[in-house]
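Here is what each chain is made of, one letter per residue.
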Amino acid sequence: MQKQLSLSFLVIALLIFSLQISVTAQKRSFEDLYEVELKNAGVIQDGTEINGYYFFNRTQEGKRKSRVFELQLVDHNLEPIGKTEFIGSDDMSVTSVAYNGQYLAVRLVDPRADETRLEILDSSGKTIQTVKLPYSLYDHPKYAASQTSMGLFPLYPVKNGFIAYSNQPSKKSMMSKTKYEIIFVPHAEAEDGWTKKSSEKSELFEAAGFLGADDELILNTIYQRKGLLSMDMTFDIVALNTKTGKQHFRYTSNKSRYPVWITEAIFKEDQILLSGTYYEKDGKTMKDRPIGLAVIRLDRNGDEIEEEYISYQKTLGKKLELDNKGRIKDAGNVYIHDVALTPSGELIAIGETYKVFNNDVTIKDGLMLSLTPELEFQSVEILEKDAHTASLGRGVSLAGPVLKGMAAKSLQWFDFEYLQKDGELITASFLNYERRKGEANGFSIYSYTFTEQAFNQNKIRLDSESDNAVIFPARNGYIMVMEYFAKEKRLDTRLERLKL
Amino acid sequence: MFIPSNSLFWISAILIGSSLFVSAQSVTEYLPPNYQPEDTLWLQRELQQRRKLAIAQYTGQFGDLAEVVFSRRHREILESIEAGEVIFHPPLQDFVDRIFQDIITTNELILKPLILIKRSPQPNAGSLGHGLFVLNIGLFEQLGTVDELAYVFCHELAHDQMNHVARALENEARIVEQATTLSYKKRRKNRRKSGDELQAGREALRTLAYNMGQKSRQDELSADSLALLFLKKTRFKPASAQQVLHQLHTLELFDLSEIRIEQILQLSEFPLKPEWLAKEKRMFGGSFGSNESAVEKWFDLDSLNTHPALEERMLMLTQQDNRDIPEGARLGGWTDQHWQTWAGYEIIEYYFQAGLTAHALITSLRMLIHDEHNPYLHAMIARSFLMTYDAVEAYNFDRAVPPPNYFQDAQAQQLVGMLRKMTAKDLVTYGYHYLKTKKALYPENAILEQYLIEAKKLMEKLNK
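All figures in this text were calculated on a predicted structure; none of them were measured in a lab.

Draft legend 1. Geometry of the overall build of chain A. Scanning chain A from N- to C-terminus turns up three helices and 33 strands. Looking at the 500 residues of chain A, the share that counts as buried comes to 58%. Looking at chain A as shown, the accessible area adds up to about 21,500 Å², and 46% of this sits on carbon and sulfur atoms.

Draft legend 2. Main features of the overall build of chain B. Of regular secondary structure, chain B possesses 20 helices and five strands. Within chain B, the fraction of its 464 residues that count as buried is 56%. Excluding contacts between residues fewer than 6 apart, the proportion of contacts in chain B whose partners are at least 24 apart in sequence is 76%. Working note: accessible area of chain B is about 21,000 Å², and carbon and sulfur atoms make up 53% of it.

Draft legend 3. Looking closely at helix α9 (residues 240-250) of chain B. For α9(B), the full list of buried residues reads Ser240(B), Ala241(B), Val244(B), Leu245(B) and Leu248(B). For α9(B), the buried positions fall inside an angular range of 140° around the axis, keeping them on one side.

Draft legend 4. Representation of the sheet that holds strand β13 (residues 194-197) of chain A within the structure. All names here are of chain A. Taken in spatial order, the four strands of this open sheet run β10-β11-β12-β13, and their pairing is antiparallel. Strands with a single pairing partner mark the edges of an open sheet, and in this sheet they are β10 (155-158) and β13. When strand polarity is set aside, the average angle formed by the axes of neighbouring strands in this sheet is 20°. Bridge analysis of β10 against strand β11 (residues 161-169) gives four bridges, and the strand direction is antiparallel. In the strand pairing of β11, proline 157 is matched with phenylalanine 162.

Draft legend 5. Just the packing of aromatic side chains, in detail. This model, assessed by the stated rule, comprises 37 aromatic pairs over all chains. On the numbers, 3.7 Å between centres and 20° between planes, the contact of Tyr156(A) with Phe210(A) is stacked. Separated by 54 residues along the polypeptide, Tyr156(A) in strand β10 and Phe210(A) in strand β14 (residues 205-213) bring together distant segments of the chain. As far as the burial class goes, Tyr156(A) and Phe210(A) line up, both buried. Summarising the aromatic geometry, the rings of Phe140(B) and Trp339(B) are spaced 6.1 Å apart at their centres and angled 85° between planes, so their arrangement reads as edge-to-face.

Draft legend 6. Molecular detail of the confidence of the model for chain B. Residue and element names in this part refer to chain B. A residue-level look at chain B finds 76% of positions with pLDDT of 70 or above and a mean pLDDT of 82. Segment residues 294-304: pLDDT under 50, and 25 contacts once partners within four positions in sequence are set aside and those in other chains are kept. In this model, residues 323-333 is a region of pLDDT below 50 whose contacts with residues beyond four sequence positions or in other chains number 24 contacts. Confidence estimates for the predicted assembly give a pTM of 0.82 and an ipTM of 0.81.

Draft legend 7. Spatial organisation of the pattern of salt bridges. Evaluated as defined, the whole model comprises 37 salt bridges over all chains. Taking the shortest distance from any N to any O, the salt bridge between Glu67(B) and Arg51(B) comes out at 3.8 Å. Taken together, the residues Glu67(B) in helix α3 (residues 63-82) and Arg51(B) in helix α2 (residues 40-57) connect sequence positions 16 residues apart. When its relative accessible area of 17% is taken as the criterion, Arg51(B) is described as buried. Connected through salt bridges with shared partners, the residues Glu49(A), Arg475(A) and Glu280(B) form a single ionic network.

Draft legend 8. Representation of the packing of helix α19 (residues 424-441) of chain B against helix α20 (residues 446-462) of chain B in the model. All names here are of chain B. Packing of α19 against α20 brings their axes to within 9 Å, and their N-to-C directions diverge by 145°. Helix-helix and strand crossings are classified by hand; for α19 and α20 the assignment is left-handed. Seen from α19, the contacting residues are Lys425, Val428, Thr429, Tyr432, Leu435, Lys436, Lys438 and Lys439; seen from α20, they are Leu448, Glu449, Tyr451, Leu452, Ala455, Lys456, Leu458, Met459 and Leu462. Here the residues of the contact of α19 with α20 sort into 10 nonpolar, one polar and six charged.

Draft legend 9. Looking closely at the side chain of Asp139(A). Checked against the element boundaries, Asp139(A) lands in the loop between β9 (127-133) and α2 (141-149). Reaching out from Asp139(A), the side chain makes a polar contact with the side chain of Arg107(A) at a distance of 3.2 Å.

Draft legend 10. Spatial organisation of unusual backbone geometry. With a phi close to 55°, Asn358(A) is a non-glycine residue in the positive phi region. Turning to its location among the elements, Asn358(A) is positioned in the loop between β23 (347-357) and β24 (360-371). For Asn358(A), a relative accessible area of 48% gives the class partly exposed. Its identity as a non-glycine residue notwithstanding, Glu108(B) has a phi of 50°, on the positive side. Within the secondary structure layout, Glu108(B) lies in the loop between α4 (90-106) and β2 (114-118).

Draft legend 11. Broad picture of the packing of helix α6 (residues 146-161) of chain B against α9(B). Residues and elements named next belong to chain B. Relative to each other, α6 and α9 sit at 85°, their axes nearing to 8 Å. Taken together, the axes of α6 and α9 lie roughly perpendicular to each other. Counted together, Asp147, Glu148, Tyr151 and Val152 of α6 and Ser240, Ala241, Gln243, Val244 and Gln247 of α9 form the full contact between these two elements. When its residues are assigned to classes, the contact of α6 with α9 shows four nonpolar, three polar and two charged.

Draft legend 12. Structural view of the sheet that holds strand β19 (residues 271-278) of chain A. Residue and element names in this part refer to chain A. If you trace the four strands from one edge of the open sheet to the other, you get β18-β19-β20-β21, paired in antiparallel fashion. Lying at the two open borders of the sheet, with one neighbouring strand each, are β18 (260-268) and β21 (304-311). Averaged over all pairs of adjacent strands, the angle between strand axes in this sheet comes to 20°, irrespective of strand direction. In this sheet, β19 lies alongside β18 in antiparallel orientation, the contact comprising eight bridges. Bridged to valine 260 within β19 is tyrosine 278.

Criteria and thresholds
- Residues numbered from 1 in each chain as written.
- Chains lettered and ligands numbered in written order.
- Predicted model: local features only at pLDDT ≥ 70, side-chain atom pairs only at ≥ 80, totals over all residues.
- Heavy atoms only, no water.
- Helix = DSSP H or I, 4+ residues; strand = E, 2+ residues; numbered from the N terminus.
- Buried < 20%, exposed > 50% of the residue type's maximum accessible area, 1.4 Å probe, protein only.
- Areas by Shrake-Rupley, 256 points an atom, 1.4 Å probe, with all protein chains shown as cover.
- Contact = heavy atoms within 4.5 Å.
- Arc of directions from axis to C-beta.
- Pairing = 2+ DSSP bridges.
- Axes fitted to C-alpha atoms, helices over the stretch in contact; angles between N-to-C directions.
- Phe/Tyr/Trp six-rings, centres within 6.5 Å; stacked < 30°, edge-to-face > 60°.
- pLDDT = per-residue confidence, 0-100.
- Salt bridge = Lys/Arg side-chain N within 4 Å of Asp/Glu carboxyl O.
- Left-handed = near helix turned anticlockwise from the far one by under 90°.
- Nonpolar A, V, L, I, M, F, W, Y, C, P; charged D, E, K, R; others polar.
- Polar contact = N/O pair within 3.5 Å; in protein donor to acceptor, adjacent residues only side chain to side chain.
- Parallel < 35°, antiparallel > 145°, perpendicular 65-115°, else oblique.

So, in structure tokens, the structure goes:
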């Protein structure tokens, strides 16, 4: 029998008259929080599978240099799994949490101590291993969020361990040359870890990001540019052996017919499918607009099997009017946030339109494009939502629209939150702040799902008086919503089911 | 209305008996009762009188507090009635009134009880003091015999006779005092210090709650003792006392352990998909680090259970002399099964009205275990799927279907997991085929027909 809680005998009796069954169902609240930072919460996923969520909050205990923080875990249904504690300074934060089916890895950053560390925990919450990672300015909480918004997550679960990424400026300045380290941390002490670093001799600015993995290979995107102001960034794909860290192959960007910004990779039987946006042959990826979508098929040795390209003129242009610069008439530029390949090979691209004027960027509608496995146009959907404008600040007015779009992306101005794959179901979600006539303004979630070759739209109004809201991917056609109420110092989380 | 006078008692018993005989034949049908009183003015007057009587009893130290507490009690009762949370069903009301009257008369108690029956599925009852009693419909659904009901009524009468509401008043005074102190400390400027003081204040409240809980346990034990004395003077079986406590102790409202979902819900025309039934993996098997909050740990104490000290109470009762007196006479009218079944239907309806479709589905299945050829229950099962679809369309799914581990029973968890994984179309398609299958078995049943028509329309809409 469900137990009823009460503080007095009379209230127990009177509770009989409060008939509300406390089935707030999939809502979980964290109350009486000493301090809340929404960025200290996140999703824990293993590839495409959502395992749960973490919340990292400071408790009331401890002194300034040794505060007590609590890491709480809930499963994909928001049901508590458990919690553990960490000690750190006031500024300590969590940048990422990963679960590989056996152990939990927590990447902790303490800017005050210039420290980044990875703690591997077992099911009892006990730390079985602590690995010091190179501290990077990019680890600082104010930069970490912009990295994740660009799809650069610093921690991933793989078989037998975790992969951590560290992109560091060579000096204590964001302007200095960046180098990368890809670090494999095994969860069993008996196993050997490895580190893959960018070459010391290289004069290039380099960074690395996770692209995909199976039991044998880890695919990484290596971003390279000649200088900080260089408008041409290239994207090589480096496959590393999971066990040894040795390079299995390197697919360099100059091998493809067009420059391609690869953002997605899937392993399909004995092939590796890469997809992303492509540019004109002499195009500069930081300056010019992408002109379409590309799929490159490699074998497991990195040798190219096939390249396929389809322009926006042949896809978006079928339903929308595009000018010769690839802008949508009346809507402006398109920023493609992400691309996904379904297991059956359909390609889905998610973007948002934006206009630029001087330092201002106005974000407007969402856009979803689907292509058949043969890369033929299937459908395009426009998601109409409220526009909003933000200013990039001085000194950016001379930059082109592409760079301004990237700046807006890194500052998380777009409404796009995530693109999620769950088998054949693809979900793209946007969080838009709406002006509502006759009532208080508030957030709405716009979510598009793609399944059985069709898009399905959902709009969920968040009617509460929350001060801030964040959404995360969830399983099986749900969205996880997190709302913060500043006055009550309360964090509410719940799962919203989409109409599917 | 609630307590017929002696001169009317036998007349009404005959009338009620005959009407119940008619309704007792149709346990496969259900008509919602009234949720508003027939004579609102009379009821309001009765409640007002009891409020004044209650306040008048307390002067001095608790005078002001009594005014607050009993006015609040009065207000909450009226709000509850206004919200449609109270059942006004003459056959059930008279059945209850007769049992109460039997106990009162045989024990020569001076009392004019006012009994309200609430729509809550929780098998519980309460004495609010001054002859006011509340019985949850869940009690009727769970308790198997009139004797068991009689024991529960004796227990509540005992609380009333021993004036346990007075202790509640004392407890309320202590809480108010503690809360006031806490609130004062919160206003202090030095935040760091007030953080510690807030913590100390919370601890003090918990200690207070625990101590109050201890007194509550003592009250329960003494009420049991007196209840047994009451019961022995009546025609009801004293042994029912232990049976009631045993049932409450082992009760699981959503127990589907006697069925297998994959068997009972399997349809040849629309088979259950294996992925719907598969158990989902949880991180670390569902357990990591510490999984107890300080508060949860505290409030897990038995003392704050609405049925505290069950084991102690059962032990006490075994030590009492509870030999059966000659066979307890049934009061006639409703059979045990009739009001149990009716109460079950009422609870299912309550869940539907509250939008709790998973609760409705599980309750229907639970009842089906003992009544598998009941077309009404089959209709309610199908209705659960269709209403879950409605909840998806209205973005209200989280209200309709809780997380799997909300229910303790493994089959209930599996069922909830299935509802979460079925698409909106699956829910309608399943509901439709379920109704079609059952309609073939019960072709004359109007309720199955009614829902089948609705399901067909939904199917057509989805297939457009």
